[in-house]
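Residue-level structure breakdown
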Amino acid sequence: MLLILGYLAAGINHFRVPAFYIAIIPPYLPHPDILNVIAGCCEIGFALLLIFNKTREFAAWGIVFMLIAFIPVHMEMVRNIPYKLGDSIVSPLILWIRLVVLQPLLILWAWWYTNGKWGRKIV
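Below, the structure is looked at part by part. (Residues numbered from 1 in each chain as written. Predicted model: local features only at pLDDT ≥ 70, side-chain atom pairs only at ≥ 80, totals over all residues. Heavy atoms only, no water.)

A short note on the overall build of the chain
Stated precisely, the cut-off is as follows: Put simply, DSSP H or I for four residues or longer makes a helix, DSSP E for two residues or longer makes a strand, and each gets a number counted from the N terminus. The size measure is the radius of gyration over C-alpha atoms, and the globule rule it meets is 2.2 Å times the number of residues to the 0.38 power. The criterion used for residue contact is that any of the two residues' heavy atoms lie within 4.5 Å. Here the accessible surface of atoms and residues is derived via Shrake-Rupley with a 1.4 Å probe, and residues count as covered only by protein chains that are part of the display. When charges are counted, neither His nor the chain ends are considered; positive counts come from Lys and Arg and negative counts from Asp and Glu. Working definition for charges: the position is that of NZ of Lys, CZ of Arg, CG of Asp or CD of Glu.
When its secondary structure is counted, the chain shows six helices and two strands. Whereas a compact globule of 123 residues would reach a radius of gyration of roughly 14 Å, the chain reaches 15 Å, a difference of no more than 12%. Within the chain, counting contacts between residues at least 6 apart in sequence, those at least 24 apart form 65% of the total. Looking at the chain as shown, the accessible area adds up to about 7800 Å², and 74% of this sits on carbon and sulfur atoms. Here the chain holds 9 positive side-chain charges and 5 negative ones, and the gap between their average locations is 13 Å.

So this is what it looks like as structure tokens:
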């Protein structure tokens, strides 16, 4: 339930404060506004699909792959230390923890919802 609420809130946040997310999209990726909308829709969609037994595994794999796709965002933030987000400077320690500790833990948590079926066909 916590995973569902977390991704639902995160997805909605992409639409509440798009500037925050657009600001962290690496400059080499085109159309950050569209990428933000896609990410928000995916987070909301996967959260809703986690609710149902029939779609839970598919949604969990979607989250796993989405989190992997987000790794370049976190790498870019670390690469640009000191990272300025709006008027604030994000601590290098926070950026490294996000990349090296939190992101893998989030991936493992979503993977747990796949019932540990690594490599199993999702359909």
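Points about the packing of aromatic side chains
We count it as follows: Here the aromatic set is Phe, Tyr and Trp, taking the six-membered ring for Trp, and pairing holds for ring centres within 6.5 Å; pairs whose planes are under 30 degrees apart are stacked, those over 60 apart are edge-to-face, and all others are tilted. When accessible area is computed with a 1.4 Å probe and restricted to protein chains, residues below 20% of their type maximum are described as buried, those above 50% as exposed, and intermediate ones as partly exposed.
Evaluation of the coordinates by the stated rule reveals four aromatic pairs. Ring centres 6.3 Å apart and planes at 65° place the aromatic pair Phe46 and Phe58 in the edge-to-face group. Of this pair, Phe46 sits in helix α3 (residues 32-50) while Phe58 is found in helix α4 (residues 53-69), placing the two residues twelve residues apart along the sequence. Relative accessible area serves as the criterion here: at 14%, Phe46 is assigned to the buried category. On the numbers, 5.2 Å between centres and 90° between planes, the contact of Trp112 with Tyr113 is edge-to-face.

Examining the nonpolar core
Considering soluble globular proteins, one finds that nonpolar side chains tend to be buried as a cluster. What counts, and what does not: We define a nonpolar core as any set of buried Ala, Val, Leu, Ile, Met, Phe, Trp, Tyr and Cys residues linked to one another through side-chain atoms lying within 4.5 Å.
Tyr7, Leu50, Ile63 and Leu67 are the most contacted members of the largest nonpolar core, which totals 17 residues. Mapped onto this core, the elements with two or more residues apiece are α1 (2-16), α3, α4 and α6 (92-112). At seven residues, α4 tops the list of elements feeding residues into this core. When neighbours within four sequence positions are excluded, Leu50 is seen to be in contact with Leu3, Ile4, Arg56, Ala59, Ala60, Ile63 and Tyr113. Within the second largest apolar cluster, nine residues are counted, among which are Tyr83, Leu85, Val90 and Leu95.

What to know about α1
Rules: Here, expected helix span is obtained from the residue count minus one, scaled by 1.5 Å.
Under the 1.5 Å per step criterion, the end-to-end length of α1 is 20 Å for 15 residues, consistent within 8% with the ideal 21 Å. Contacts made by the buried residues of α1 are with α2 (18-24), α3, α4 and α6.

Re the pattern of salt bridges
Formally: Whenever a carboxyl oxygen of Asp or Glu lies within 4 Å of a side-chain nitrogen of Lys or Arg, that contact is scored as a salt bridge.
Enumeration according to the criterion identifies one salt bridge in this entry. Glu76 serves as the salt-bridge partner of Arg79, at 3.0 Å between the closest nitrogen and oxygen. Here Arg79 and its partner Glu76 are both found in helix α5 (residues 71-79), three residues apart, which amounts to about one turn of the helix.

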